[in-house]
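Descriptive analysis of the structure
Spelled out, the chains give:
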Amino acid sequence: MTFPVYIWLGSLRIHPHILFESLAYATAFRLLIHHVRQDSIAPSQRSSVIVGGMVGALIGAKMLVWVQHIDLMWQNQQQLLLLLLQGKTVVGALLGGLIGVETTKKILGIHQSTGDVFVYPLILGTAIGRIGCFLTGLSDRTYGIATKLPWGVDFGDGIHRHPTQLYEILFLGLLMLFLHYRSRYKYQNGDLFKFYLISYLSFRFLVDFIKPDFHPFLGLSAIQLACLLAILYYRRSIPQLFQLQN
């Protein structure tokens, strides 16, 4: 397999990142529109919450990817500029979107949780997007460190690496199945989102130890630090999220 793996649609050659990122956004948004009809807030407020989340996600994704690769400022400024223009991080988008939603709700005076409707669109959209990350190869910078494990992947530099994109897709699939099982039991409004958020951030905190990123914060990357701070913020909610009640 030669990376990037371009996708051919007839005579049209499409870059995998562009194709799967577009599919991820379209699928997640379509699923979100279906699920938001189940919440209890007014349609006008619902639209404002979605827009607030999207704006926050865009800002968060760009800000965190810049901090994550700040070492390029003195190593390769051209590559840093390219990352600022094209790069984004799921963790930054997730946390930025969360801040955007909560800020919008506070302005509108909405007190009930609205996070549960975002869970499955986020999971499915992220998984689809990671297919594009994997097929893109080295330029996406989402690969892992070198490994001798039999499933290591050579993305084009002659080094067999952890396919961390595939690890994430597998994790997200298992998380979706577990959340579907968890939803059969009694839970408070907002618990599914909290469980998703804590689970995903915990996974990212761990898997980023096998990524060749800049780790300036006590051996942690900027993404890992963001994950850790968010997990600590929600730490009081963790025990009740694992309680299954009929």
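Look up a bit, the structure's there.
To start, this report covers the structure provided alongside it. (Residues numbered from 1 in each chain as written. Predicted model: local features only at pLDDT ≥ 70, side-chain atom pairs only at ≥ 80, totals over all residues. Heavy atoms only, no water.)

Attention now moves to the pattern of salt bridges. Going through the model one piece at a time under the given rule, you end up with six salt bridges. Glu168 is paired through a salt bridge with Arg130; the nearest N and O atoms lie 3.1 Å apart. Of this pair, Glu168 sits in helix α6 (residues 164–182) while Arg130 sits in helix α5 (residues 119–136), placing them 38 residues apart in sequence. Neither Glu168 nor Arg130 differs from the other in exposure class; each is buried. Salt bridges sharing common partners tie together Arg204, Asp208 and Lys211. (Salt bridge = Lys/Arg side-chain N within 4 Å of Asp/Glu carboxyl O. Helix = DSSP H or I, 4+ residues; strand = E, 2+ residues; numbered from the N terminus. Buried < 20%, exposed > 50% of the residue type's maximum accessible area, 1.4 Å probe, protein only.)

Examined against the element boundaries, Gln224 turns out to sit in helix α8 (residues 222–233). Owing to a relative accessible area of 0%, Gln224 belongs among the buried residues under this scheme. A polar contact of 2.9 Å, which involves the side chain of Gln224, links it to the backbone nitrogen of Ser221. In contact with Gln224, other than residues within four places in its own chain, are Phe205, Asp208, Phe209, His215 and Gly219. (Polar contact = N/O pair within 3.5 Å; in protein donor to acceptor, adjacent residues only side chain to side chain. Contact = heavy atoms within 4.5 Å.)

What follows covers helix α2 (residues 43–68). In this model, α2 (26 residues) spans 37 Å end to end at C-alpha, consistent with the 38 Å of a helix rising 1.5 Å per residue. Taken together, the buried positions of α2 are Arg46, Val49, Ile50, Gly52, Gly53, Gly56, Ala57, Gly60, Ala61, Leu64, Val65 and Gln68. (Expected span 1.5 Å × (residues − 1).)

On the surface, Val51, Val55, Ile59 and Met63 cluster together into a nonpolar patch covering about 370 Å² of accessible area. Mapping Val51 onto the fold places it in helix α2. (Patch = residues over 30% accessible without salt bridge, like charges linked within 9 Å, V, L, I, M, F, W, Y side chains within 5 Å. Areas by Shrake-Rupley, 256 points an atom, 1.4 Å probe, with all protein chains shown as cover.)

The next subject is the packing of α5 against helix α7 (residues 191–207). What describes two packed helices is the angle between their axes and the distance between those same axes. Their axes nearest at 10 Å, the elements α5 and α7 cross at an angle of 30°. Of the possible angle classes, the one that applies to α5 and α7 is roughly parallel. The residues of α7 that touch α5, namely those facing Val119, Leu122, Ile123, Thr126 and Arg130, are Leu192, Phe193, Tyr196, Tyr200 and Arg204. When the residues that make up the contact of α5 with α7 are grouped by side-chain class, the tally is seven nonpolar, one polar and two charged. (Axes fitted to C-alpha atoms, helices over the stretch in contact; angles between N-to-C directions. Parallel < 35°, antiparallel > 145°, perpendicular 65-115°, else oblique. Nonpolar A, V, L, I, M, F, W, Y, C, P; charged D, E, K, R; others polar.)

Next up on the list: the packing of aromatic side chains. Counted according to the given criterion, the structure contains 11 aromatic pairs. Ring centres 5.0 Å apart and planes at 55° place the aromatic pair Phe3 and Phe155 in the tilted group. Of this pair, Phe3 sits in the segment before β1 (7–9) while Phe155 is found in the loop between β3 (153–154) and β4 (160–161), placing the two residues 152 residues apart along the sequence. Taking the relative accessible area as the measure of exposure, Phe3 reaches 13% and is therefore buried. Looking at Phe155, the relative accessible area reads 2%, which means it is buried. (Phe/Tyr/Trp six-rings, centres within 6.5 Å; stacked < 30°, edge-to-face > 60°.)

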